[in-house]
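Residue-level structure breakdown
Each chain is listed here by its residues.
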Amino acid sequence: MAKLIVNADISKGKINKEIYGQFSEHLGRCIYGGLYVGEDSEIPNIRGMRLDVVEALKKLKVPVLRWPGGCFADEYHWKDGIGPKETRKRMVNTNWGGVVEDNSFGTHEFLDFCEIIGADPYINANLGSGTVQEMMEWVEYLTFDGESPMTKLRAENGHPEPWNIKWFGIGNENWGCGGNMTPEYYANEYRRYSVFCKDYYREADKDKPKEEQRKLFRIAGGPNIDDYKWTEEVMKIAGPHAHGLSLHYYTVPGDKWEEKGSATDFDERDWFITMRKAYRLKELIDKHSTIMDKYDPKKRVALLVDEYGTWFDVEPGTNPGFLYQQNTLRDALVAGISLCILMNSNDRVKMGCIAQMVNVLQAMILTEGDKMVLTPTYHVFEMFNVHQDATRVSLDIECDEYSMDVKYENTHQGPHRPDDRKAMKTMPQILSTASVDANGALHISLCNASHIDDAELCLDIRGYNASSVSGRILTADALNTMNDFDQPDAIVPNEFTGLTLKDGKLSCVLPAKSVVVLEVK
Ligand code: AHR
């Protein structure tokens with residue numbers, strides 16, 4: 001029996017809605033074919049953005065969208081993506097399949113897309129191969145509302161008004177594809193670049209209190225997985241000049257980078273390893289946060305996990321550079337576990353961006369021509385979005401361990417030490433979080449990672465006058481159940497039955513391999 005105590009009157013702070021953020025890169029068919037088909041396409045679209053995808057994303061309430069990369073960001077020159085489309089410069093997308101990028105989706109299109117789906121933009125600028133002047137001018141183009149060369153250009157391109165830009169990344173993975181830099185070198189570069197990313201004065205802000213005036217939230221490129229030295233050096237040198245530090249961590253079950261494992265054809269061992277590696281996000285956040293605490297004890301600098309999710313072998317027969325993978329119940333559990341960890345780390349973690357939105361890695365949506373399908377990951381994001389901007393409340397859980405005697409051969413992303421390997425054989429069976437929303441409803445999200453064991457749950461709800469409960473569940477019989485174009489509803493959320501509520505005590509059975517959200521009123 002698993003025991004949970006929820007103290008609904010003990011606040012653990014706000015769950016920033018940005019924890020539900022997403023990532024869209026010029027990679028494979030994420031932008032082209034996924035989000036954007038062009039105005040002349042036969043696929044129904046609004047100003048080139050495909051309507052079916054737009055409608056599906058609106059239901060998710062995507063709070064923030066990161067763009068244009070990823071590795072692409074540090075090769076992207078924003079001026080190539082503005083002005084008349086027929087004259088936009090073409091480039092080679094060297095990171096992703098060597099395809100020609102025609103720059104038809106650029107700054108204006110991205111910001112239009114964000115507006116259409118109601119998401120805030122998160123622009124990741126080019127530090128690796130760009131210049132300080134180029135970055136400075138992008139900020140001016142985006143945000144300045146006075147008279148200047150960049151605002152003149154913006155008006156000529158049809159947008160006289162500035163956009164409301166807050167989230168601004170200064171480089172991506174600069175330890176690797178973003179320039180192969182040492183942390184010290186990057187941190188100093190960050191300091192230089194960030195000075196020129198100005199907070200332009202805006203007439204519209206003149207009577208607003210300081211905290212409400214539009215300002216950039218400058219994000220420094222963070223570590224890869226468990227590169228704690230990177231965090232240490234960047235926090236030491238650049239921390240005082242940054243509002244946020246990013247962290248990237250992918251769940252890769254395979255032993256070698258070249259053999260990450262199939263997205264759909266896997267066994268119980270692969271399931272366990274995937275769950276355990278998804279759970280590793282907690283250890284990484286805890287350890288990076290501890291280093292950040294040393295330089296920033298007041299937690300002024302946020303940790304933004306702006307790339308995470310499953311990374312499997314590409315679907316057979318697809319372009320290896322396009323990172324197109326299917327999505328199963330296993331991905332749903334990874335999404336649920338990751339979101340619980342991000343929400344439970346809300347003292348330091350202010351944003352998460354799952355990679356990526358459409359057709360790439362752990363996608364919400366898959367498209368093929370005019371067809372579209374919603375993945376199990378999409379359904380978890382839709383079920384969980386009740387936690388956006390809610391108050392996290394205290395939740396203590398006692399549950400069984402979920403263990404398997406697996407051998408790890410890999411060294412490509414840790415664990416490297418024998419003691420880590422031992423720890424990687426076990427994890428809590430249930431991951432959970434609880435929050436109270438603006439209307440006073442209490443939501444409890446639960447993920448049963450076990451591929452085999454149901455869990456009897458007894459929830460003691462304190463500090464809350466609970467009179468009714470309802471729930472939704474996402475699960476399926478087979479571990480690799482997926483939605484595809486022929487069977488788009490093979491796995492969808494259903495009503496969760498079998499809930500008993502009496503005197504503030506709630507009991508139910510949480511099935512193996514399931515994700516559940518309860519609503520208590
Ligand atoms: O999301 C795919 C790639 O993974 C991104 O471009 C890069 O930042 C990361 O290595």
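Refer to the structure printed above.
This is a predicted model, so every value here is computed, not measured.

Here we come to the state of the cysteines. The bond known as a disulfide is covalent and runs between the sulfur atoms of two cysteines. All told, the structure shown has 1 disulfide when counted by the stated rule. Put simply, Cys71 and Cys177 are joined by a disulfide, and their sulfur atoms are 2.2 Å apart. A torsion of -85° about the S-S bond marks the disulfide between Cys71 and Cys177 as left-handed. Here Cys177 lies in the loop between β9 (167-170) and α5 (183-196) and Cys71 lies in the loop between β5 (64-67) and β6 (91-93), a separation of 106 residues in the sequence.

If you check α5, its first and last C-alpha atoms are 20 Å apart, about what 14 residues at 1.5 Å a residue would give, namely 20 Å. For α5, the set of buried residues is Pro183, Tyr186, Ala187, Glu189, Tyr190, Tyr193 and Ser194. On an axial view of α5, the arc spanned by its buried residues comes to 165°, and they lie on one face. Here the buried face of α5 lies against α3 (132-143), β9, β10 (217-220) and α6 (228-237).

Another point: the environment of Leu395. Position of Leu395 relative to the elements: it lies in strand β16 (residues 391-398). Aside from chain neighbours lying at most four places away, what touches Leu395 is Leu4, Ile5, Val6, Ser432, Thr433, Ala434 and Ile444.

Okay, empty space enclosed by the protein next. All told, the structure shown has 2 cavities of 30 Å³ or more when counted by the stated rule. In this model, the largest cavity occupies a volume close to 60 Å³. For the largest cavity, the lining is made up of 15 residues, of which Asn172, Gly221, Gly222, Ser246 and His248 are closest to its centre. Listing elements by their share of the lining of the largest cavity, those giving two or more residues are β8 (120-125), β10 and β11 (244-251). Residues that form the lining of the largest cavity fall into these classes: 5 nonpolar, 7 polar and 3 charged. Put simply, the second largest cavity is a space of about 40 Å³.

Further remarks concern the site of the ligand. In the neighbourhood of the ligand, 13 residues make up the surrounding shell, with Glu25, Cys71, Glu173, Tyr250 and Glu307 lying closest. Contact between the ligand and Glu25: an oxygen atom at 2.8 Å from a side-chain N or O atom of the residue. At 3.1 Å, a side-chain N or O of Asn172 approaches an oxygen atom of the ligand. Taking 280 Å² as the accessible area of the ligand by itself, protein coverage stands at 94%. Its residues placed into classes, the shell around the ligand shows 7 nonpolar, 3 polar and 3 charged.

With respect to the element layout, Arg154 can be found in helix α4 (residues 149-156). The exposure class assigned to Arg154 is buried, which follows from its relative accessible area of 1%. In this structure, the C-alpha to C-alpha distance between Arg154 and Tyr141, residues 13 residues apart in sequence, is 6.3 Å. Among residues more than four places away in sequence, those in contact with Arg154 are His108, Glu140, Tyr141, Leu142, Thr143, Phe144, Asp145, His159, Pro160, Glu161, Pro162 and Trp163. Looking at Arg154, its side chain comes within polar contact range of the main-chain oxygen of Tyr141, at 2.7 Å.

Further remarks concern the side chain of Asn174. Along the chain, Asn174 falls in the loop between β9 and α5. A relative accessible area of 0% means that Asn174 is categorised as buried. The residues touching Asn174, leaving out its near neighbours within four places in the chain, are Asp74, Leu127, Gly128, Gly179, Asn180, Met181, Tyr186, Gly221 and Trp230.

The next thing to look at is the sheet that holds β11. Strand order around the closed barrel formed by 8 strands is β2-β5-β8-β9-β10-β11-β12-β13, with parallel pairing between neighbours. For this sheet, the mean inter-axis angle between neighbouring strands, taken without regard to orientation, is 25°. Along the sheet, helix α8 (residues 329-344) contacts β11, β12 (302-310) and β13 (349-355); its crossing angle with β12, the most-contacted strand, is approximately 170°.

Cut-offs and rules
Residues numbered from 1 in each chain as written. Predicted model: local features only at pLDDT ≥ 70, side-chain atom pairs only at ≥ 80, totals over all residues. Heavy atoms only, no water. Disulfide = S-S within 2.5 Å. Helix = DSSP H or I, 4+ residues; strand = E, 2+ residues; numbered from the N terminus. Expected span 1.5 Å × (residues − 1). Buried < 20%, exposed > 50% of the residue type's maximum accessible area, 1.4 Å probe, protein only. Arc of directions from axis to C-beta. Contact = heavy atoms within 4.5 Å. 1 Å grid on protein atoms, 1.4 Å probe; cavity = no way out; pocket = protein on both sides within 12 Å on 5 of 7 lines; lining within 4 Å. Points joined across faces, edges and corners; volume = space filled by probe spheres on them. Nonpolar A, V, L, I, M, F, W, Y, C, P; charged D, E, K, R; others polar. Near = heavy atom within 4 Å. Polar contact = N/O pair within 3.5 Å; in protein donor to acceptor, adjacent residues only side chain to side chain. Areas by Shrake-Rupley, 256 points an atom, 1.4 Å probe, with all protein chains shown as cover. Pairing = 2+ DSSP bridges. Axes fitted to C-alpha atoms, helices over the stretch in contact; angles between N-to-C directions.

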